[in-house]
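# What the coordinates show
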Amino acid sequence: MEQLASKIDISDQQVEKMTKIQKDFFKAADKIVDSGTMDQMTKLIGNNDDKVQGILGKADFVKYKEVTKQSTGALPDKMREKEKK
């Protein structure tokens, strides 16, 4: 979250809200990677994006997506690998 806050000018209150959202998101994502489907992952990412955009607004949300695309983009890749097995 510190890396995100350094790249996007967000308030301490936004950091606090984002920390909770991200913690919940990655906890749910880990469960889906272990035993879920690609549709569930896609829905989770979409729901998370909606929550984040509600906190950051559109302009900062675009920056957020750019900063986090590597970490959240890896989740669908993990799902695809799991489905191949």
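Within any chain, residue numbers begin from 1 and follow the written order of that chain's sequence. Since the coordinates come from a predicted model, pLDDT governs what is reported: local features require at least 70, and pairs of side-chain atoms require 80 or more to be given and counted, while whole-chain, interface and lining totals use all residues. Only hydrogens and water are removed before side-chain values are computed, so all heavy atoms of the structure are retained for them.

## Considering the overall build of the protein chain
We count it as follows: Secondary structure elements follow DSSP: runs of H or I of four or more residues count as helices, runs of E of two or more count as strands, with numbering from the N terminus. For every residue, the accessible area obtained with a 1.4 Å probe (protein chains only) is divided by the maximum for its type, and the residue is called buried under 20%, exposed over 50%, and partly exposed between those limits. The criterion used for residue contact is that any of the two residues' heavy atoms lie within 4.5 Å. Using the Shrake-Rupley algorithm and a 1.4 Å probe, accessible areas are obtained, with residue cover drawn only from the displayed protein chains. In this charge count, Lys and Arg are treated as positive and Asp and Glu as negative; neither His nor the chain ends contribute. Each charge is placed at NZ for Lys, CZ for Arg, CG for Asp and CD for Glu.
Of regular secondary structure, the protein chain possesses 4 helices and 0 strands. Reading the protein chain from its N terminus to its C terminus gives the helix and strand order α-α-α-α. Projected onto the principal axes, the alpha-carbon positions of the protein chain cover approximately 45 × 20 × 20 Å. Relative to its full complement of 85 residues, the protein chain shows a buried share of 33%. For the protein chain, long-range pairs separated by at least 24 residues make up 66% of all intrachain contacts whose partners lie at least 6 apart in sequence. Summing over all exposed atoms, the protein chain offers an accessible surface of approximately 5,900 Å²; the carbon and sulfur share of this is 50%. Each charge class in the protein chain can be summarised by its mean position, and for the 17 positive and 15 negative side chains these summaries are 3 Å apart.

## Considerations on the confidence of the model for the protein chain
Heads up, the condition is: A score between 0 and 100, pLDDT records how confident the predictor is in each residue.
Of all residues in the protein chain, 99% attain a pLDDT of 70 or more, and the chain-wide mean is 87. The secondary structure element of the protein chain with the lowest average pLDDT is helix H1 (residues 2–7), at 75, and the one with the highest is helix H3 (residues 38–56), at 95.

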